[in-house]
Amino acid sequence: MTEREKIFGRIREALTVQAPLPGHHGGGHHAPLTGNPAAHAREWLPPVGDSFEDQLARFRANAAELKATFYLANNREELAKLLLELRDVEGWKKVASHGGELTDAACKTLALPVCRTDQPFNASELEACDAGITECDALIAQTGSVLVTNRSAGGRALSVLPPHHVVIARREQLLRDLPAAFELVKKKYAANYPSMISFITGPSRTGDIERILVLGAHGPKKLTIFCV
Amino acid sequence: MSSPSQQFTEQAELLTHDLRHRDIVQTALRKYEVVRDKSRGAFQDYQAARQAAAETKWEALNHLDKYLAEFADKLAARGTKVHWATTGEQARDIILGIIREKKARSIIKSKAMTSEEIHLNHALEHEGFEVVESDLGEFIVQLRKEAPYHIVFPAMHLTRGDIQELFNRELKVHSSDSPEELTMVARRVLRQKYIHADIGFTGANFAIAETGMISITENEGNARLTAALPKTMVTLLGIEKILPRLEDLALFLPLLATSGTGQALTCYNTLYGGPRQPGEFDGPEEYHVVLLDNRRTELLADPEQRDALHCIRCGACLNVCPIFRNVGGHTYGTTYSGPIGSVITPHLRGLQDWKHLSFSSSLCGACSETCPVKIDLAHHLLQNRRNASAEKPSFVWRTGFRIFSFIFNRPGLYKLIGPLGRIGQKLHPLVKGTRLDPAYSWTKTREAPKIAPQTFKEYWRKRN
């Protein structure tokens, strides 16, 4: 008998006795199990408005609280201007990126040497880049998160190894909440999921020393999100 | 060597008198409480979310055979090697086997309580491998050669001065005591480790049956790097981490963040479903997932306490527990401390050796009230007490209660208690506070209540 079979044997034997339903100690009745309790998550999670403006305002406020920087560009020209400003203020010498309609345009605008992560690359070279520029799958208003996968955002390391992560998103990528984000992941990828799916909520941080917030613990110290 | 119970009592005695320690821990927890309450308050209906989370975990655990098989099969279908371990020793051997096969020398780890449970670092170091913890708090306690103080905040018991002194000594740097500068020291040291490590090792917060993925919640990005750079990735997780559906995370990720650190959502919540796939340019070439039982199936077999397996290891019950807050995390001498540790350790490591943890509780119920998946921890502590006494009745208690019922069944004897007690209390100051005092263990830290000058019966008789 394999170890797997032994473990399953013990599990099946354990489950021959029914456990009481959750909440049985609290007294009173609880709603019967619906088969998919989390399906109603939207009714319980923090509220988000219906309109694009509401959701945008919510995303902006969350990003500010998370110490991420958020810019809404009205058109591609404005985006290019904002990118050049950022390049000069931060003094970027070399950036890293991946192929994509928005990222290709950004790299062209920046006119800097680029380390591409959608072809074989060296981790030390990527680490030495000033910024990692990626696209994403969605922005989530409810939490201020950026949803990336290794397919949409140039692999696993690009969005976390360079000291500054720059995300370029389209405004139609702004989603209401977490349930909507999982719905999108399923719709977009169910036939063949990427091997990494990540919700990035603000720049890397730690509170491990006296619960004092420090940004850039291991991942990026800065997160800049452009929406166009 | 002293028993776990004696060790607990001695350590607790020391730490409850250590005001500096208490101050550090209470300050950290007050900061946590403020943000936790804010995040909870942002929910439209936090209590309904908790109930749904409890029901989802109930569904997962009570059909564990089905969901665990689905998880393992879907993971394997996309090129992950899935391993099964009944004991900690088996899990260690599997992991050592992978390391040897890859001819690896160095291992970078992101935080995994399961690896603490099976004492993995010790085993790997014993075999001569370099193991580096990458979570800042874990890195700090590893340098101190200590176990994590708390399952979410491993270095909560240290001040910036302690950490400055540690880093300057162990890492040969000259850092100030600013948390920012200290964090950057660790960042510099660990960055090189990620790039050069042969194996990336992680734990997991959830295992999604529907899609065959593990989910890791973290703030620092250390798990992201651990899963991105080394050529081989290994994840160790308990079989109870299962969630049925991908969208369950829409509920569990905010609940874990709110209860764990007080954030609305933790910085990185990442799903991994396999090694590098065709057309991907980074990530590990090989991915191994080790599923650990380590007596979880025994807890599963106890329907009364099965829901202790619902635990998502957020640490919320530790943070609100008056015992934890006074005796500290190391005093428990267990991998999992606080109320959840007191509940499950007797199942994982033996009831008689660890029952003292269930007795070291005020039964205030703060743990049950705060648990995001509604595990009724306070009741489970009572059940452990009951089970421990039923299995091995205590001579002192049994004799005590026999004497009690003997006296209370005899009105003549009962009548003597008042007058005798009053005489006893008059004589008490002669021995009070000394070892001759029969009530020493009570009176060394407390005053005994004064016995009334007359009993109710005496009072009633005089009144008429």
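What you are looking at is a predicted structure, and each value in this text was computed from that prediction instead of being measured.

Colleague: Mind laying out the overall build of chain A, listing which residues take part and the relevant values?
Modeller: Within chain A one finds 7 helices and 12 strands. Computed over the C-alpha atoms, the radius of gyration of chain A is 22 Å, more than 25% above the 17 Å expected from 2.2 N^0.38 for a compact globule of 228 residues. Oriented by its inertia axes, the alpha-carbon framework of chain A measures out at about 65 × 50 × 45 Å. Out of the 228 residues belonging to chain A, those deemed buried represent 49%. Of the contacts formed within chain A by residues at least 6 apart in sequence, a portion of 69% connects residues at least 24 apart.

Colleague: Which residues make up the interface of chain A and chain B, and what are the values?
Modeller: At the junction of the two partners, chain A supplies 73 residues and chain B supplies 88 residues. Residue assignment for the side of chain A that touches chain B shows that the elements contributing at least two residues are helix H1 (3-14), helix H2 (41-44), helix H6 (123-127), helix H7 (178-189), strand E9 (196-200) and strand E10 (205-206) of chain A. With 10 residues, the single largest contributor to the side of chain A that touches chain B is H1 of chain A. Residues that form the side of chain A that touches chain B fall into these classes: 36 nonpolar, 22 polar and 15 charged. Looking at chain direction, E9 of chain A and strand E9 (residues 268-272) of chain B are connected through 5 bridges and run antiparallel. Bridge pairing in E9 of chain B links Ser198 of chain A to Thr270 of chain B.

Colleague: An account of helix H22 (residues 411-427) of chain B is requested, with residue identities and associated values reported.
Modeller: Since one α-helical turn is 3.6 residues long, residues separated by three or four positions face the same way. The first and last C-alpha atoms of H22 of chain B sit 25 Å apart over 17 residues, in line with the 24 Å expected at 1.5 Å per residue. Where H22 of chain B bends most, the angle comes to about 30 degrees, and this point is Gly418 of chain B, followed within four residues by the proline Pro419 of chain B.

Colleague: With reference to specific residues and values, describe the packing of helix H9 (residues 160-170) of chain B against helix H10 (residues 179-196) of chain B.
Modeller: Axes are the key here: two packed helices are described by the angle between their axes and the distance separating the axes. Residues and elements named next belong to chain B. Two elements in contact, H9 and H10, have axes whose closest approach is 10 Å; the angle formed by their N-to-C orientations is 35 degrees. Where H9 crosses over H10, the two elements pack in a sense that is left-handed. Residue-level contacts link Arg160, Ile163, Gln164 and Phe167 of H9 to Pro179, Leu182 and Val185 of H10. Its residues assigned to classes, the contact of H9 with H10 shows 5 nonpolar, 1 polar and 1 charged.

Colleague: How would you explain the sheet that holds strand E6 (residues 145-149) of chain A if you had to name every residue and give the values?
Modeller: Taken in spatial order, the 8 strands line up as E8(A)-E5(A)-E6(A)-E9(A)-E9(B)-E6(B)-E5(B)-E8(B) in an open sheet, and their pairing is mixed. In the strand order of this sheet, the two ends are held by strand E8 (174-175) of chain A together with strand E8 (242-243) of chain B, each with one partner. By the bridge criterion, 2 bridges tie strand E5 (residues 138-140) of chain A to E8 of chain A in an arrangement that is parallel. Looking at the pairing, Leu139 of chain A lines up with Leu174 of chain A of E8 of chain A.

Colleague: Can you explain helix H4 (residues 64-77) of chain B? Please cite residues and give values.
Modeller: Residues and elements named next belong to chain B. Under the 1.5 Å per step criterion, the end-to-end length of H4 is 20 Å for 14 residues, consistent within 8% with the ideal 20 Å. Taken as a whole, H4 has its buried residues at Leu64, Tyr67, Leu68, Phe71, Ala72, Lys74 and Leu75. Down the axis, H4 shows its buried residues gathered within 170 degrees of arc, on one side only. For H4, exposure combined with an orientation more than 90 degrees from the buried face picks out Asp73 and Ala77.

Colleague: Give me the lowdown on the sheet that holds strand E7 (residues 164-169) of chain A, citing residues and values where you can.
Modeller: All names here are of chain A. If you trace the 6 strands from one edge of the open sheet to the other, you get E1-E12-E7-E4-E2-E3, paired in parallel fashion. This sheet does not close on itself; its edge strands, each paired only once, are strand E1 (69-72) and strand E3 (114-116). Sheet twist, expressed as the mean angle between neighbouring strand axes with direction ignored, is 20 degrees. Here strand E2 (residues 95-97) runs beside E3; their pairing, made up of 3 bridges, is parallel. When the sheet's bridge partners are listed, Ser97 is paired in E3 with Arg116.

Colleague: Before we move on, can you summarise the packing of helix H16 (residues 338-349) of chain B against helix H20 (residues 377-391) of chain B with the specific residues and values?
Modeller: Residue and element names in this part refer to chain B. Contact geometry for H16 and H20: axes closest at 9 Å, N-to-C directions at 35 degrees. In the packing of H16 onto H20, the handedness of the crossing is left-handed. Residues Pro339, Ile340, Ser342, Val343 and Pro346 of H16 form the contact with H20, whose participating residues are Leu377, His380, Leu381 and Asn384. Looking at the contact of H16 with H20 residue by residue, the class counts come to 6 nonpolar, 3 polar and no charged.

Colleague: Tell me what's going on with the environment of Thr117 of chain A, and back it up with residues and numbers.
Modeller: Checked against the element boundaries, Thr117 of chain A lands in the loop between E3 and H6. Remark: the alpha-carbon pair of Thr117 of chain A and Leu223 of chain A, spanning 106 residues in sequence, is separated by 19 Å. Not counting residues up to four positions away in its chain, the partners in contact with Thr117 of chain A are Ala96, His98, Leu126, Gly154, Gly155, Ala157 and Leu158 of chain A together with Phe281 and Asp282 of chain B.

Colleague: Give me the lowdown on the nonpolar core, citing residues and values where you can.
Modeller: Ranked by size, the top nonpolar core spans 177 residues in total, and within it Leu139 and Ile225 of chain A together with Leu64, Phe252 and Val290 of chain B carry the most contacts. Among the elements that take part in this core, helix H12 (residues 249-260) of chain B stands out by supplying 8 residues, more than any other. Mapped onto the domain boundaries, this core takes at least three residues apiece from domain 1 (1-42 + 315-392) and domain 2 (45-294) of chain B. Val290 of chain B has contacts with His83, Ala85, Ala91, Ile94, Ile95, Val234 and Leu236 of chain B, leaving out every residue within four places of it along the chain.

Rules and cut-offs
Residues numbered from 1 in each chain as written. Chains lettered and ligands numbered in written order. Predicted model: local features only at pLDDT ≥ 70, side-chain atom pairs only at ≥ 80, totals over all residues. Helix = DSSP H or I, 4+ residues; strand = E, 2+ residues; numbered from the N terminus. Rg over C-alpha atoms; globule rule 2.2 N^0.38 Å. Buried ≥ 20, exposed ≤ 12 C-beta atoms within 10 Å, placed from the backbone. Contact = placed C-beta atoms within 7 Å. Nonpolar A, V, L, I, M, F, W, Y, C, P; charged D, E, K, R; others polar. Pairing = 2+ DSSP bridges. Expected span 1.5 Å × (residues − 1). Bend = angle between axes of the 7 residues up to and from the residue. Axes fitted to C-alpha atoms, helices over the stretch in contact; angles between N-to-C directions. Left-handed = near helix turned anticlockwise from the far one by under 90°. Arc of directions from axis to C-beta. Core = buried A, V, L, I, M, F, W, Y, C linked by C-beta atoms within 7 Å. Domains from an automatic or database assignment.

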